[in-house]
Structures are given as structure tokens and as C-alpha cells.
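# Tertiary structure, described
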Amino acid sequence: MNVKGLSNVQMRAGMAALALVACMLLPWYQENRAGGEETNRIAISVLSWVEAAVLLVAAAVLYLLYARSQRRGFHLPGGDGWAVTIAGAWTLFLLIFRLFDRPDVGEGISVGVQWGLFVTMVAAVALALAGQAMRAERRPEPPNPAADDPTWEMPTRRTSLRRAPVDSQALTQVLHDEKPTWEGEPPPAPRRVKPAVPKPPPDEGKLF
């Protein structure tokens, strides 16, 4: 990560996110078996959705800071400060939830919490505070060409050619309003000609 492109407050957020990752190697739980046998378990060895969510939050914050160090332009709702603050608060909520809902490691084994879980809670609080410091710093984000360039336009969708709707009553209305008119006397009716009846030919060779 190019730390030269980050401010001191952003570096604090990155250190808190790295601390969350390192806390996965600390003992979070203590298994108590029958007979008084006790075993400490690190968080990564009892990987559940809570531990996976903490790792995901830390990775997201680290990627955000890496992108800012590379001057990549994109905008987050509320800004980077609110995003980091919510990430820290969400991690703290998950850890508090884990205090009351311990992972199930087997029958006849009770699970307690160890000091590593509390250290992780401190790292989550540090991440949330770093996010608030980033919000108060009001550091400008790298420019986003798609959002800041006034000449850039959203491509329009190609619309299909549609024929204009035809009014089925238009022709009927025209014929109803415009009635045909005649001027002058009507022409005489044509005379019926009687067809001529051909005469029979004279009989040839008739003696009488």
C-alpha cells in the first residue's frame, strides 16, 4: 500500500483494521471439559459467521484505503468517514453478541471468553473512532470522471420505431360529416335497345 497517499487519520484506520486481522490469532474462547481440563482456542480455530464477518469488515476497510492510496475515484454514500465508522460499530456489535452467544464446540463442553475477545473489541472501537476522525477531516475524495465530467452523458436506449395509432372512427366521421351533393338535373336514363332478330336464310332448291 502506498502510504504516501494517505493522511494520518487514514493510517490510523488502516492500523485498526490490521489489528482486527491480527486479533484472529488471539485466544477468544476457553473450553472447560469435565475433570477441570481447560483449553484456550484462538478465534481462527473456531471460525463461524461472526469471525468471518470481522475478517470481511477488516478486508473491506483495507481495500478502501488501498484504493484511496492509488487515487481511484469513486464515491460512497456518506463518504469514507461514515463507511469506516459503520464498519467499526458493526464489528463491535458482533463481538458483544459473541459474549452472550458462544460457539458450540461439542457436547459436555462449556465455552467461556478469553482476553483476546476484549482486545478485539478495543480494535473495533479504535476503527470507529478513526472513521469519525476521517469524517471530521473532510479530506476530498479523488475525482470521479464519470460523475464530475459535464460532457459525459449516459447512453440512451435505442427506442423501437412504432407506428402512430390509427383512429378507427376517423374515416366514419369524415363520411358522416361530408355528404355528397349534386347540382343541376340528373342525366336521362339510357334507352333500352331491342336486340335485332336475325332472318332465316332462304331455302335453296325449293320447287314449290
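Data block above holds the structure.
Values in this document were obtained by computation on a predicted structure and should not be read as measured data.

A few words on the packing of aromatic side chains. Taken as a whole, this structure holds three aromatic pairs when the rule is applied. Ring geometry for Trp28 versus Tyr29: centroids 6.1 Å apart, planes at 70°, classification edge-to-face. Taking 5.7 Å as the distance between ring centres and 50° as the angle between the ring planes, the aromatic pair formed by Trp49 and Phe97 counts as tilted. A residue pair is termed long-range when its members are at least 10 positions apart, and Trp49 in helix H2 (residues 49–69) and Phe97 in helix H3 (residues 80–100) qualify at 48 residues. A relative accessible area of 30% means that Phe97 is categorised as partly exposed.

What follows is about the pairing of strand E1 (residues 27–32). The buried fraction of E1 is high, at five of six residues. Here five bridges tie E1 to strand E2 (residues 38–42), and the two strands are oriented antiparallel to one another. Looking at the pairing, Asn32 lines up with Glu38 of E2. Joining the antiparallel neighbours E1 and E2 is a turn of five residues, in which Gly35 adopts a positive phi near 100°. Examined bridge by bridge, E1 and strand E3 (residues 110–113) share four bridges and lie antiparallel to one another. Among the inter-strand pairings, Asn32 is bridged to a residue of E3, identified as Ser110.

What follows is about the packing of helix H1 (residues 8–22) against helix H4 (residues 115–137). Here H1 crosses H4 at 160°, and the two axes come no closer than 8 Å. When the axes of H1 and H4 are compared, the pair comes out roughly antiparallel. In this structure, the crossing between H1 and H4 has a hand that is left-handed. Side by side, H1 and H4 meet where Val9, Gln10, Arg12, Ala13, Ala16, Ala17, Ala19 and Leu20 of the first sit next to Thr120, Ala123, Ala124, Ala126, Leu127, Ala130, Ala133, Met134 and Glu137 of the second. Of the residues contributing to the contact of H1 with H4, the split by class is 13 nonpolar, two polar and two charged.

For the rest of this paragraph, the subject is the packing of H3 against H4. For the pair H3 and H4, the least separation of the axes is 7 Å and the interaxial angle reads 160°. Considered as vectors, H3 and H4 are oriented roughly antiparallel to each other. The two elements H3 and H4 cross, and the hand of that crossing is left-handed. Of the residues in the contact of H3 with H4, the class split is 16 nonpolar, seven polar and two charged.

On to the sheet that holds E2. Spatial ordering of the open sheet is given by E2-E1-E3, a layout of three strands whose pairing is antiparallel. Looking at strand neighbours, the two that pair on one side only are E2 and E3, the edges of this open sheet. Mean inter-strand twist for the sheet, computed between neighbouring axes without regard to direction, equals 30°.

This structure, assessed with the given rule, holds three salt bridges. In this structure, Glu31 engages Arg41 in a salt bridge whose closest nitrogen and oxygen atoms are separated by 2.2 Å. Here Glu31 is found in strand E1, whereas its partner Arg41 is found in strand E2, with 10 residues between them in sequence. Looking at Glu31, the relative accessible area reads 2%, which means it is buried. Asp80 is the salt-bridge partner of Arg68, the closest N and O atoms lying 2.7 Å from each other. Here Arg68, found in helix H2, pairs with Asp80, found in helix H3; they are 12 residues apart in sequence, far enough to count as distant. Here Arg68 falls in the buried class, since its relative accessible area comes to 4%. Of the residues examined, Asp80 reaches a relative accessible area of 10% and is grouped as buried.

What counts, and where the lines are drawn
Residues numbered from 1 in each chain as written. Predicted model: local features only at pLDDT ≥ 70, side-chain atom pairs only at ≥ 80, totals over all residues. Heavy atoms only, no water. Phe/Tyr/Trp six-rings, centres within 6.5 Å; stacked < 30°, edge-to-face > 60°. Helix = DSSP H or I, 4+ residues; strand = E, 2+ residues; numbered from the N terminus. Buried < 20%, exposed > 50% of the residue type's maximum accessible area, 1.4 Å probe, protein only. Pairing = 2+ DSSP bridges. Axes fitted to C-alpha atoms, helices over the stretch in contact; angles between N-to-C directions. Parallel < 35°, antiparallel > 145°, perpendicular 65-115°, else oblique. Left-handed = near helix turned anticlockwise from the far one by under 90°. Contact = heavy atoms within 4.5 Å. Nonpolar A, V, L, I, M, F, W, Y, C, P; charged D, E, K, R; others polar. Salt bridge = Lys/Arg side-chain N within 4 Å of Asp/Glu carboxyl O.

Functional significance is not addressed by these values, which are geometric in nature.
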